[in-house]
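Fold and geometry: a report
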Amino acid sequence: MNKKTSKKTKMLFAAAAVLIVLAACFLLLGGRRDDVVITEYSVSADGGEMTLKAGVAGSAGYLRKIKVRYEDNSVLVDFYSTFGINNPIGAKDTFVIPLKPDSENILFNRGNDYYAAFAKDADGQWYRFAR
């Protein structure tokens, strides 16, 4: 029975170790950020993309990537933090948003919904909403 108990103990230890590693990855992996601050932006000459300089409003954390989706005439943007609580590895502050010719609004994630961050006026120029 000692061999069976020893084998079960090793299996339980291995399973617990895997669960701990998975839980740590889940807690420490970068998730969506909804406290993004835009410091600068520019639109390409052809209007095909917008370049943003961005950071986070809080004192901790960095941005690492964006996810862009298109819905009707809107561009929906989700920002994601770096891995870890305040880890600068992989951090970026410049992001490019591809724009479609019929894009009229750029919306940023605010947790459970999106808010208007940019809109195109009647002359086709992009302007930023005050937040």
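1. With respect to the environment of Y80
Take Y80: it is sitting in strand β5 (residues 74-81). A sequence separation of 18 residues divides Y80 from Y62, and the C-alpha atoms of the two residues are 8.4 Å apart.

2. Quick notes on the pattern of salt bridges
By the definition in use, this model includes 4 salt bridges. Where R69 meets E71, a salt bridge forms, and the shortest distance between an N and an O atom there is 3.9 Å. With a relative accessible area of 45%, E71 lands in the partly exposed category.

3. Here we look at the environment of W126
Along the chain, W126 falls in strand β9 (residues 126-128). The buried category is assigned to W126, whose relative accessible area is 11%. When the C-alpha positions of W126 and E104 are compared, they lie 8.6 Å apart, and in sequence the two are 22 residues distant. In this structure W126 touches Y41, V43, M50, L99, S103, E104, N105, I106, F118, A119 and K120, once residues within four positions along its chain are discounted.

4. Concerning the confidence of the model for the chain
With 89% of its residues at a pLDDT of 70 or more, the chain shows a mean pLDDT of 86. The least confident element of the chain is helix α1 (residues 2-28), whose mean pLDDT is 74; the most confident is strand β6 (residues 94-98), at 96.

5. Side note on the pairing of β5
By the criterion of burial, β5 is predominantly enclosed, with 8 of the 8 residues buried. Taking every second residue as pointing to the same face, both faces of β5 are buried, with S74, L76, D78 and Y80 on one and V75, V77, F79 and S81 on the other. Pairing of strand β4 (residues 63-71) with β5, which is carried by 8 bridges, proceeds in the antiparallel orientation. Its bridge partner lying in β5, K67 is registered against D78. Remark: 2 residues form the turn of the hairpin made by β4 and β5, two consecutive strands paired antiparallel; D72 in that turn has positive phi of roughly 55°.

6. Topic: the nonpolar core
Within the largest apolar cluster, 20 residues are counted, with the highest numbers of intra-cluster contacts made by F79, I106, F108 and F118. It is strand β3 (residues 49-56) that contributes the most residues to this core, 4 residues altogether. Here F108 is in contact with I38, L52, V77, F79, D113, Y114, Y115, A117 and F118, once residues within four sequence places are set aside.

7. Describing the pairing of strand β7 (residues 105-109)
Successive side chains on a regular strand alternate, one facing one side of the sheet and the next facing the other. With 4 of 5 residues buried, β7 is to be regarded as a mostly interior element. Judged from the 5 bridges that link them, β7 and strand β8 (residues 114-120) form a sheet pairing that is antiparallel. Following the sheet pairing, I106 is matched in β8 by F118. In sequence, β7 turns back onto β8 through a hairpin of 4 residues, with G111 there showing a positive phi of about 95°.

8. Describing the packing of aromatic side chains
A ring pair, where both rings are aromatic, is described by two values, the distance of the centres and the angle of the planes. In the structure shown here, the tally under the stated rule is 6 aromatic pairs. Where F108 meets F118, the ring centres are 6.1 Å apart and the plane angle is 70°; that geometry is what we call edge-to-face. A residue pair is termed long-range when its members are at least 10 positions apart, and F108 in strand β7 and F118 in strand β8 qualify at 10 residues. Residue classification places F108 among the buried residues on the basis of a relative accessible area of 1%. Looking at F118, the relative accessible area reads 0%, which means it is buried. Pairwise contacts between aromatic rings join Y41, F79, F95, F108, Y115 and F118 into one cluster. The ring of Y80 is capped by K65, whose NZ or CZ atom sits 5.1 Å from the centre of that ring.

Definitions and cut-offs
Residues numbered from 1 in each chain as written. Predicted model: local features only at pLDDT ≥ 70, side-chain atom pairs only at ≥ 80, totals over all residues. Heavy atoms only, no water. Helix = DSSP H or I, 4+ residues; strand = E, 2+ residues; numbered from the N terminus. Salt bridge = Lys/Arg side-chain N within 4 Å of Asp/Glu carboxyl O. Buried < 20%, exposed > 50% of the residue type's maximum accessible area, 1.4 Å probe, protein only. Contact = heavy atoms within 4.5 Å. pLDDT = per-residue confidence, 0-100. Pairing = 2+ DSSP bridges. Core = buried A, V, L, I, M, F, W, Y, C linked by side-chain atoms within 4.5 Å. Phe/Tyr/Trp six-rings, centres within 6.5 Å; stacked < 30°, edge-to-face > 60°. Lys NZ or Arg CZ within 6 Å of the ring centre and 35° of its normal.

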